[in-house]
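Remarks on the overall topology
Below are the chains, spelled out letter by letter.
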Amino acid sequence: MPQEKPDLRNLSEPVRFKRALTLLLMTLVLPGSAQIAVGSKRAGRYAWRVIAGLIAIVVFLILLAQVWRSGTINLLVSPKTLRVVQILLILLAIGWAALFVDAYRLGRPLTLQRNHRLTASILDGVLVVVVVGALFWGSTIVSAQRDFIASVFGNGEKSKAEKGRYNVLLLGGDSGANRTGTRPDSITLASIDADTGRAVLIGLPRNMARVPFPAGTAMAKQFPNGFHWDNCAANCFLNGVYTYAMGHKQLFPGVKDPGLLATRQAVEAITGLKVNYHVLIDIAGFQHLLNAVGGITLDVGKKVPIGGVGGPIKGYIQPGKNQHLDGYHAMWFARSRAGATDYERMTRQKCVMTAMLNQLSPQKVLTKFQGIAAASKEVVQTDIPAGDLGTFTDLALDSKKLPVSSFSPVPPLINTGDPDFDLVRTKVAEAVGKSEALDKAAEDGDGKKSNTPSSVPTKKATTPAKPGSTPSKPTPDVDDVASICKA
C-alpha cells in the first residue's frame, strides 16, 4: 500500500520548518535517507544500494592496494577505468541532485511561512550547487588525467627489468631559435631497483667525446672509432648525437625518432646498462611544469646567473638555505651555464630532480593535477606505456623514503675529451652495486629508513689524462647528491 502522507497541519510552523531542513541535511549526509523516512522507500533503498556498492568498491581497492599497489594504480589510471569513473561521477551528480529536489518537495515548502520557505529554498539550491559542482569538478579532473595519459603515455611495448633494475633515460632537451635540433644538454640515466625503488642517478657530461655505440647499430657502422670530429663536421659530443641522427634519417629506415634511438644506444654503450625507457623534457617549458606544482625548495650554494652564454645576464639566483624557487628561477638554476662548468650544472640538475622527487607528494599532485597535466603535455615526451604507470608510481613512492645516490664520469677521474669507457662502465657498475648493497644490508631491518649515507664517492684522480688532452679542473664531490644540494 502507498505510504500515507503525514498531516502537517497538526504540526507547528517551527516544527514544519525544522522538518524541512532536516530532510535536506539527511540527503546531504546519507542520500536516500529522507525518502526512507517520509517518501518513496523504494527510491531510498535504491540510493542506499548504490552507496553500498560504491563503498564496497572503494574498500576492495584499498585492500587490493595493500597487497598489489602497482596493479591497483595501473587499474585506476587505465583510460577505460577513467572513462567509467567520469561517467559514474556525472550520473551520481544527477542522481544526488534529484534526491535533493525530492527532499525539498517532501519538506512541503508551501506549508511554510514565506521567510522559512525562502530559507529552505536557498539551502536546497546551495546544497545542489555544492554537491553537484564537486562531482562535476571531479569528473573534469578524471577527464584531464585520461587526456594526459593518452597524450603523454603511449601504447609502447613494455620493457622488463634488466637484472632487477629499470633504467630510465632522462633527457633535458634545449631547443631554441638559434639551435639546430633538440640537442639534449641534460643527460641522466636513472637506474632504479625494481623491488625497493632505491635509485642511482648517472649524470653523463654533454661534452663527452668519442662516445661509442653498440656493435651492429647504424651509428657504430658510421663511427667505428666513436663519435668524433674525425668523422663528423661539428658538435661531435654526446649531446650532438641526437642532432646528427635526426639530420641523417636515411641511416634509420622505419625509425620514428632516430635521435632518441641513437642517444639511447650511446648511453647503453657508455654505461653498460640497458635503457628500458626514456623521458624527454623541454627545459624551456620546464618552468610551466614547476609552476603547476607550486615550485620547489632547495639550498643554493652560490649565486647562479639568469641568462648569459649567448645573451645578457638578467640577474642572479642568490645563495641561501631553503629557498623557494618558482618555475622560472628553478629552470635557470638547472639550466644556467654562465660562469660555471658543465659538471656543476649537472650537479644542480640532480638537485632539482631530487627536490621534485622528495617534495611532490601524491596529495599535491592530486590537488594540482589539471595544471600538471596541461603543462606536462607540452613539455614531456616518453615511451613509458600507460600500462607501466602503476609500476613506476609505486617505485616513486618507495624511492621518496630512500636516499638517492649518484655517479658522474667527470674529471679528474674521467677525461671527457678522451674517456676511458672501460673505467666508466666499471664505476657505473660499482655505483649500482653499492646502492644494491644498502638494500641487502637492510634486509633484516628497515631498509627504507636507512640512515646510510647516500653518496657514492668517486676515486680522485688516479687515472692520468691521455696524451694531447687538457683535463678540466676537478669539481668538488659531484657524486654526492645529499651533500652537494646544500648551501
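Calculation criteria
- Residues numbered from 1 in each chain as written.
- Predicted model: local features only at pLDDT ≥ 70, side-chain atom pairs only at ≥ 80, totals over all residues.
- Heavy atoms only, no water.
- Helix = DSSP H or I, 4+ residues; strand = E, 2+ residues; numbered from the N terminus.
- Buried < 20%, exposed > 50% of the residue type's maximum accessible area, 1.4 Å probe, protein only.
- Contact = heavy atoms within 4.5 Å.
- Areas by Shrake-Rupley, 256 points an atom, 1.4 Å probe, with all protein chains shown as cover.
- pLDDT = per-residue confidence, 0-100.
- Axes fitted to C-alpha atoms, helices over the stretch in contact; angles between N-to-C directions.
- Parallel < 35°, antiparallel > 145°, perpendicular 65-115°, else oblique.
- Nonpolar A, V, L, I, M, F, W, Y, C, P; charged D, E, K, R; others polar.
- Left-handed = near helix turned anticlockwise from the far one by under 90°.
- Expected span 1.5 Å × (residues − 1).
- Core = buried A, V, L, I, M, F, W, Y, C linked by side-chain atoms within 4.5 Å.

Considering the overall build of the protein
If you tally the helices and strands in the protein, you get 17 helices and ten strands. Taken across its 487 residues, the protein has 47% of its residues classed as buried. For the protein, the proportion of contacts with a sequence separation of at least 24, taken over those separated by at least 6, is 70%. Of the accessible surface of the protein, which amounts to about 24300 Å², a share of 60% is contributed by carbon and sulfur atoms.

As for the confidence of the model for the protein
For the protein, mean pLDDT is 83; residues scoring 70 or higher make up 82% of the total. When pLDDT is averaged over each element of the protein, helix 9 (residues 258-271) comes out on top at 96 and helix 17 (residues 481-484) at the bottom at 51. Here residues 176-181 is a poorly scored stretch, pLDDT under 50, and it has five contacts once near neighbours within four places are set aside; other chains count.

Examining the side chain of S435
Structurally, S435 is set in helix 16 (residues 421-441). Residues in contact with S435, not counting those within four places in the same chain, are R165, R198, V200 and S405.

A look at the packing of helix 9 against helix 16
Across the interface, helix 9 lies against helix 16 with an axial gap of 7 Å and an inter-helix angle of 80°. What the angle tells us is that helix 9 and helix 16 run roughly perpendicular. Side by side, helix 9 and helix 16 meet where A269, I270 and T271 of the first sit next to F421, V424, R425 and V428 of the second. Here the residues of the contact of helix 9 with helix 16 sort into five nonpolar, one polar and one charged.

Let's talk about the packing of helix 4 (residues 69-77) against helix 15 (residues 389-399)
Two elements in contact, helix 4 and helix 15, have axes separated by 7 Å at closest approach and are oriented at 130°. Taken together, helix 4 and helix 15 sit at an angle that is classed as oblique. Between helix 4 and helix 15 the crossing geometry is right-handed. For the pair helix 4 and helix 15, the contacting residues are R69, S70, I73, N74 and V77 in the first and L389, G390, T391, T393, D394, L397 and D398 in the second. When the residues that make up the contact of helix 4 with helix 15 are grouped by side-chain class, the tally is four nonpolar, five polar and three charged.

Observations regarding unusual backbone geometry
For the bond running from P411 to P412, omega is 5°, close enough to zero to count as cis. When you line up the elements, P412 lands in the loop between strand 10 (405-407) and helix 16. For N322, which is not glycine, the phi torsion reads 50° and is therefore positive. For N322, the location among the structural elements is in strand 8 (residues 320-325).

Some remarks on helix 12 (residues 342-359)
With 18 residues, helix 12 extends 26 Å from end C-alpha to end C-alpha; this agrees with the ideal 26 Å at 1.5 Å per step. In terms of residue burial, helix 12 counts as a mostly covered element, since 13 of its 18 residues are buried.

Side note on the nonpolar core
Within the largest apolar cluster, 61 residues are counted, with the highest numbers of intra-cluster contacts made by I149, F153, I296, L298, I317, F333 and V352. Of all the elements, helix 6 (residues 114-152) adds the most residues to this core, at nine residues. Those residues in contact with V352 that lie beyond four places of it in its chain are F286, I296, L298, A330, F333 and A334.

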